[in-house]
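Structural features, examined
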Amino acid sequence: MAERGGRGSGGHGSLDKSITLPPDEIFRNLENAKRFAIDIGGSLTKLAYYSTVQHKVARVRSFDHSGKDIENEPLYEISVQEEITARLHFIKFENTYIETCLDFIKDHLVNTETKVIKATGGGAYKFKDLIEKKLGLKVDKEDVMTCLIKGCNFVLRNIPHEVFAYQKDSDTEFRFQTNHPNIFPYLLVNIGSGVSIVKVETEDKFEWIGGSSIGGGTFWGLGALLTKTKKFDELLQLASKGQHTNVDMLVKDVYGGAYQTLGLSGNLIASSFGKSTTADKEFSKEDMAKSLLHMISNDIGQLACLYAKLHNLDKIYFGGFFIRGHPVTMRTITYSINFFSKGEVQALFLRHEGYLGAIGAFLKGAEQDNPNQYSWGENYAGSSGLMSTSPDVYPMQRTRSGTFDMFEMDRLERPLVNLPLLKDPSTYIPDTVDLTDDAMARKYWLTCFEEALDGVAKRAAASQPDSDDAPERAEKFRQKYWNKLQTLRQQPFAYGTLTVRSLLDTREHCLNEFNFPDPYSKVKQKENGIALKCFQSVIESLDSLGWEERQFALVKGLLAGNVFDWGAKAVSDVLESEPQFGFEEAKSKLQERPWLEDSYSQWLERLKEGPPHKCALIFADNSGIDIILGVFPFVRELLSRGTEVILACNSGPALNDVTYSESLIVAERIAAMDPVIQSALKEEKLLLVQTGSSSPCLDLSRLDKGLAVLVRERKTDLVIIEGMGRAIHTNYYAALKCESLKLAVIKNSWLADRLGGKIFSVIFNTVKKKHFQTSAHFFCENGATRLLKNKRGENKGGSKEGGQEMTITYLDVSSSVSALIRQLHHSCNHSQCKANCKSKEESTESLGLERTPSLSAFVKAAGLPPLVPQKVEEPSNVPNSSFLCFTRSSKVWIGSCSLPELSSAVKLAM
């Protein structure tokens, strides 16, 4: 669209019309918009609309093979069909652009069904006439507080990693929180033009308890007067470059140092802008903007802390576009909360802070459709993400359209809930490695995805040979995903915690955005057909074995099937260059026992001595040999033992993972060959269900509600998770209430090396239904920190010379020591550490591990409760380095000297 020239004027002041609005970038799917809502503050407008989106989806349908020679016929028919889904769009822009945006919307509206637009915020009154005139829709105003609360509850329920704490001095400044099943009670501090403070107790019970006129509008207004800068973003950029101490009077400026009597640091601000009364000089715009930002942020933080203490609340969510992910703002608010609450109250921020009112207004207007009955997911392909304030960090975003920001959510087909067997849903973290934290892993995986991108784009185009525009769409996909990867290099926090799972999911979102629903559909069709032809001979071979020999053959078949993963480059290269590579060849690739993680003997003992499981839930991985020659024979054996089986497959396609619809056809064909499977399907002892996911990984907190109901009804007492994506990248440390079996073949050399193995190493980890209470101590001893872990729950003391003791208690260390330490790195040559291990531990066999970036990284990798900083005296004689050393016994030693973490020390608590 061409620029609209000039400046408008009139009753609404000066409205800027000189802005370019590319429809494919900003107001996406506007022609299919059905319902609108708008939140207009004193400075910023947030528009929400619901639209229908047409997507291509891959469908499979079984052929009728009756009376036909099916030897050379495909197993099933694949068709690409159009599907209409629902999407929520949210767009933010400054009020000066509102008239141009309304004109744009009016010009592009085609199929809107509504005659009303829900509106909230103070500007809903100011711009009411303009909106009704431009859009021809009646403005129906909604209560601001109600909309804010509805919006906040909605994002807390539907967006994993919506909430984060800001830690300026940490390696990872943005520390994202796990969604808690119960989000109440909390304090919401909404910082728009002013400040509103609301206590929220339930979905419908909340109370406005206070506020302030000193908010984002104050910062903008005073900032404009002081710096002559009219743009909000530009004012924030000025503040990011400023030094407030040039303008502010500090405690040390008043007293010459710290105020020891009151325990005040000399660097505390004694008076905002205090130096301006005495200094005979001009202050820079940057310094004044920084001082102003500090002044307002500190004021808001103190006010919020006082209200939280008054109402006995320990969670404060800060929202509103004043925050905007700005480090200085979040740092000063966090500092203020910590300072005045003495660490008892936590300041939490929201990735989509500014959209709460618009989301709530939309929900009010859509109540007849009951949007809360659905689950929603963020569409990474169409969302801007949490941005840095630096204009150099995200040039693609900045040049796109100035101050516009987008956020999109897709309505999911089925409601998602926690797996009922999760031991503690409130502490469950799906992902094994946080790439936001681990710089080395982040660099590797981002490079890995970049190098694979051309191949993915080629396969996407090749999957639609009859489509003339497939190459063009594939190139658009490639460019979009490339841009996302570059953003994540600079801003790994953009979409929450960065993980291998989020990288894979973002790629799937981008593929779907350009109508490539299932690039591997033909590959899966072919491999399913080939594997089915081998099924009977595999079963005959298994049935000819003795019981114990058969159990191992079944497990080896599961592992060999898991090799066939087109998402792993080492495998895809083999499959493309060696077409004859099959089941037996895959078995020969497997690591010989003992495996990298090997609890097969415990599994065999359980099968021998324990009763049959009531019901097993199996999360399947790949199509073809994996599901047909690996999983189904294993399922057949469980059924023969009297165990019912729930076989869960992806709802939608991802790589060459088997989908629910494909599994139905495969099961039907297997049943025609095998009476055990046929009988189990008929008697509903074998049930095929969908997970609700379309990801190569697995989030056990977001599963199809129907699956969760079935798990309860069938009294499931065994969970089996197979595959690198589901059992290593995710759920490696997942704690369950029942027995579990996690198995995978590592098909990535870098990951294998990090875990202490080689490519095609095997993870076979079974956990029985028992857990141990564990106690531990930290010692700062002669320059080394020592952690003793005892699975019998005893406190084992040690020498305290040269250090201080801190007691730690934690529960349920269900993974073995070796499983924990392999998450870390190797090569320790510290003589004192090795000497300690050899002289004081029960076992002298030490295992060297490579350097770890911090103590918190170890604790997180080990699945322990989070670190809580505590002020203690800095240990003396601590070298400024970091090393680790472990032994293969019930105790673990750490030699770790990574300051400043040790200087602040650690307390672990439940």
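Anything mentioned here points back to the structure above.
To keep things clear, this report deals only with the structure shown in the data block. (Residues numbered from 1 in each chain as written. Predicted model: local features only at pLDDT ≥ 70, side-chain atom pairs only at ≥ 80, totals over all residues. Heavy atoms only, no water.)

As summarised here, the arrangement of the seven strands in space is β20-β27-β26-β25-β21-β22-β23, forming an open sheet in which the pairing is mixed. Two strands bound the open sheet, and with one partner strand each, they are β20 (597–598) and β23 (686–690). As paired elements, strand β25 (residues 718–722) and strand β26 (residues 739–745) share five bridges and run parallel to each other. Across the sheet, the residue bridging to L718 is E739, located in β26. Here helix α16 (residues 547–562) sits on the sheet and contacts β25, β26 and β27 (762–767); the angle it forms with β26, its principal contact strand, is near 50°. Set on the sheet, helix α19 (residues 600–609) makes contact with β20, β25, β26 and β27; between it and β27 the angle comes to about 45°. (Pairing = 2+ DSSP bridges. Helix = DSSP H or I, 4+ residues; strand = E, 2+ residues; numbered from the N terminus. Contact = heavy atoms within 4.5 Å. Axes fitted to C-alpha atoms, helices over the stretch in contact; angles between N-to-C directions.)

The tally for this structure, following the rule as stated, stands at 44 salt bridges. Residue E82 pairs with K56 through a salt bridge whose shortest N-O separation is 3.1 Å. Within this pair, whereas E82 is found in strand β5 (residues 76–94), its partner K56 is found in strand β4 (residues 44–62), the two being separated by 26 residues in sequence. By relative accessible area, K56 is classed as partly exposed at 26%. Residues participating in the shared-partner salt-bridge network are R28, R87, E408, D410 and E513. (Salt bridge = Lys/Arg side-chain N within 4 Å of Asp/Glu carboxyl O. Buried < 20%, exposed > 50% of the residue type's maximum accessible area, 1.4 Å probe, protein only.)

With respect to the helices and strands, the residue R507 is situated in helix α14 (residues 500–513). Sequence-distant contacts of R507, that is, excluding residues within four places in its chain, are made with F449, V456, F477, Y481 and L655.

By the definition in use, this model includes 34 aromatic pairs. For the pair W595 and F764, a centre-to-centre distance of 5.7 Å together with 50° between the ring planes defines the contact as tilted. Separated by 169 residues along the polypeptide, W595 in the loop between α18 (583–589) and β20 and F764 in strand β27 bring together distant segments of the chain. Of the two residues, W595 and F764, neither departs from the other in class, the shared state being buried. (Phe/Tyr/Trp six-rings, centres within 6.5 Å; stacked < 30°, edge-to-face > 60°.)

Mapped onto the secondary structure, R726 falls in helix α24 (residues 724–729). Judged by its relative accessible area of 2%, R726 is buried. Within the structure, R726 has its side chain in polar contact with the backbone oxygen of S695 (distance 3.3 Å). With residues up to four places along the chain from it excluded, the contact list for R726 reads A620, D621, N650, D657, S695, P696, C697, L698, I721 and N731. (Polar contact = N/O pair within 3.5 Å; in protein donor to acceptor, adjacent residues only side chain to side chain.)

One open sheet holds the seven strands; their spatial order is β9-β8-β16-β15-β10-β11-β12, and the pairing between them is mixed. The outermost strands of the open sheet, each flanked by one partner alone, are β9 (174–176) and β12 (206–212). Averaged over all pairs of adjacent strands, the angle between strand axes in this sheet comes to 30°, irrespective of strand direction. Judged from the six bridges that link them, strand β10 (residues 186–191) and strand β11 (residues 195–200) form a sheet pairing that is antiparallel. When the bridges of β11 are listed, I191 appears paired with V195. Along the sheet face, helix α9 (residues 327–341) touches β8 (163–166), β9, β10, β15 (315–319) and β16 (346–350) and points at about 155° away from the line of β16.

We now examine the nonpolar core. By size, the foremost hydrophobic cluster in this structure holds 130 residues, and its most contacted members are L503, F619, F632, L647, L686 and L700. Per-element accounting of this core gives the leading share, ten residues, to helix α20 (residues 625–640). Contacts of L647, omitting those with residues within four sequence positions, involve I618, A620, I627, V631, F632, L686, L687, L688 and V689. Counting 44 residues, the second-largest nonpolar core is a separate cluster that includes F176, W220, A239 and F493. (Core = buried A, V, L, I, M, F, W, Y, C linked by side-chain atoms within 4.5 Å.)

Between helix α15 (residues 521–543) and helix α21 (residues 660–673), the least distance of the axes is 10 Å, while the angle of their chain directions is 20°. By the criterion of interaxial angle, the relationship of α15 to α21 is roughly parallel. By crossing handedness, the relation of α15 to α21 is classed as right-handed. Listed contacts from α21 to K524, N528, L532, F535 and Q536 of α15 are E662, V666, R669, I670 and M673. (Parallel < 35°, antiparallel > 145°, perpendicular 65-115°, else oblique. Left-handed = near helix turned anticlockwise from the far one by under 90°.)

The next thing to look at is the environment of A586. One can find A586 in helix α18. Taking relative accessible area as the criterion, A586 reaches 0% and is therefore assigned buried. Each C-alpha atom of the pair A586 and G561 lies 7.4 Å from the other, and the pair is 25 residues apart in sequence. Leave out the neighbours within four places in its chain, and A586 touches A560, V563, F564 and F581.

Here the focus is helix α5 (residues 216–227). Helix length check: α5, at twelve residues, gives a terminal C-alpha distance of 16 Å against a target of 16 Å (1.5 Å per residue), a fit within 8%. Those residues of α5 that sit buried are G216, T218, F219, W220, G223, A224 and T227. Directly beyond the C-terminal end of α5, a positive phi value near 65° is found at K228. (Expected span 1.5 Å × (residues − 1).)

This paragraph deals with the side chain of D287. Following the sequence through the fold, D287 ends up in helix α8 (residues 285–310). Buried charged residue D287 carries no salt bridge. Nearest counter-charge: K281, at 6.6 Å. Filtering out sequence-adjacent residues up to four positions away, D287 remains in contact with G242, Q243, H244, N246 and V247. (Lys, Arg positive; Asp, Glu negative; His and termini not counted.)

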